[in-house]
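Per-entry structural report
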Amino acid sequence: MNWLLVALGGAVGASLRYGAGVFLFKQTSGFPWTTWWVNIIGCLMAGIFFAYSQTFPVLQNEARLFLMVGILGGFTTFSSFGLETFQLLKHGQIALASGYVISSVITGVLVLALGFYLFQWLLHTR
């Protein structure tokens with residue numbers, strides 16, 4: 001049953017990822033903004049979900065598999081991140097590749113922490 005939750009969540013997340021690339025974020029420069037934004041939004045959602053799961057332990061089992069492993073795992077895209085970084089390097093755009101890697105990692109972690117602490121605070125002030 002767990003694999004089904006992950007598979008269904010992954011289908012939802014992958015569809016959301018595809019939709020974000022088609023409808024929300026248009027490629028306008030050499031910088032891979034679509035993947036960058038998808039991964040940052042995914043980090044924010046992971047922080048929010050983690051805060052909720054600390055308050056509501058029921059979210060640490062099957063819901064975690066569906067939401068975190070499935071939906072967010074299918075939505076965020078480390079393989080695209082790696083490929084885009086490689087392509088930038090291959091085309092000699094070392095500064096752009098470095099900025100992409102550094103900003104993705106640092107911003108992702110900061111936004112995840114922001115989502116976690118903000119929603120943890122909101123949950124405890126009610």
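This brings us to the layout of surface pockets. The space that makes up the largest pocket amounts to roughly 210 Å³. L16, I41, M45, I48, F49, Y52, L59, L67, I71, L72 and F75 together form the lining of the largest pocket. Contributions of two or more residues to the lining of the largest pocket are made by α2 (33-55) and α3 (62-75). Per-element tally for the lining of the largest pocket: the top contributor is α2, with five residues. Roughly 160 Å³ of volume is contained in the second largest pocket. As for the second largest pocket, its lining consists of N39, I40, C43, T76, T77, F78, F81, S104, V105, G108 and V109. When residues of the lining of the second largest pocket are traced back to their parent elements, those giving at least two are α2, α4 (78-90) and α5 (94-124).

On to a nonpolar patch on the surface. Side chains of V101, I102, V105, I106, V109 and L110 sit close together on the surface and give an oily, nonpolar patch of about 540 Å² of accessible area. You can see V105 is positioned in helix α5. The exposure class assigned to V105 is partly exposed, which follows from its relative accessible area of 48%.

Attention shifts here to α5. Because an α-helix completes one turn every 3.6 residues, residues spaced three or four positions apart along the sequence face the same direction. A rise of 1.5 Å per residue sets the reference length of α5, with its 31 residues, at 45 Å; its end C-alpha atoms lie 45 Å apart and thus fit the reference within 8%. Among the residues of α5, those classed as buried are A97, Y100, S104, G108, V111, G115, F116 and L123. Its buried side turned inward, α5 meets α2 and α4.

A few words now on the nonpolar core. Most often, soluble globular proteins keep nonpolar side chains buried together rather than apart. Counting eight residues, the largest nonpolar core consists of F31, W36, I40, F81, L88, A97, Y100 and V111. At the level of elements, α2, α4 and α5 are the ones that each hand at least two residues to this core. The leading source of residues in this core is α5, at three residues. Contact partners of Y100, with chain neighbours within four places excluded, come to F31, P32, T35, W36, F81, E84, T85 and L88.

All told, the structure shown has 10 aromatic pairs when counted by the stated rule. With a centroid separation of 5.1 Å and 35° between ring planes, the pair formed by F50 and F116 is classed as tilted. Residue F50 is found in helix α2, and its partner F116 is found in helix α5; the two are separated by 66 residues along the sequence. For F50, a relative accessible area of 41% puts it in the partly exposed group. Residue F116 is classed as buried on the basis of its relative accessible area, which comes to 12%. Taking 5.9 Å as the distance between ring centres and 45° as the angle between the ring planes, the aromatic pair formed by Y52 and F119 counts as tilted. On the criterion of sequence distance, the pair formed by Y52 in helix α2 and F119 in helix α5 is long-range, its members being 67 residues apart. Relative accessible area serves as the criterion here: at 27%, Y52 is assigned to the partly exposed category.

Calculation rules
Chains are numbered independently. Their residues run from 1 in the order of the written sequence. Selection of residues for local features in this predicted model requires a pLDDT of at least 70, selection of side-chain atom pairs for listing and counting requires 80 or more, and totals for whole chains, interfaces and linings are taken over all residues. Excluded from the side-chain calculations are hydrogens and water; all other atoms, namely the structure's heavy atoms, are used. Throughout, the protein atoms alone are placed on a 1 Å grid, and a set of points is a cavity if a 1.4 Å probe fits but cannot get out or a pocket if it is open with protein on both sides within 12 Å along at least five of seven lines; lining residues have an atom within 4 Å of a point. Grid points are joined across faces, edges and corners, and a volume is the space filled by probe spheres set on the points. Think of it this way: any DSSP run of H or I at least four residues long counts as a helix, any run of E at least two long counts as a strand, and we number them from the N terminus. Only residues whose relative accessible area exceeds 30% and that take part in no salt bridge are eligible for patches, with like-charged residues grouped when within 9 Å of each other and nonpolar side chains (Val, Leu, Ile, Met, Phe, Trp, Tyr) grouped when within 5 Å. A 1.4 Å probe and the Shrake-Rupley method give the accessible areas. Residues count as covered only by the protein chains that appear here. Salt bridge criterion: a side-chain nitrogen from Lys or Arg within 4 Å of a carboxyl oxygen from Asp or Glu. Buried, partly exposed and exposed residues are distinguished by accessible area as a fraction of the type maximum, computed with a 1.4 Å probe on protein chains only: under 20%, between the cut-offs, and over 50%, respectively. By this rule, a helix spans an expected 1.5 Å times one less than how many residues it contains. Residues count as neighbours in contact if any of their non-hydrogen atoms are within 4.5 Å of one another. Think of a nonpolar core as a cluster: buried Ala, Val, Leu, Ile, Met, Phe, Trp, Tyr and Cys residues, connected wherever their side-chain atoms sit within 4.5 Å. Only rings of Phe, Tyr and Trp enter the pairing, Trp through its six-membered ring, and a pair is recorded when the two centres are within 6.5 Å. The plane angle decides the type: under 30 degrees is stacked, over 60 is edge-to-face, the rest tilted.

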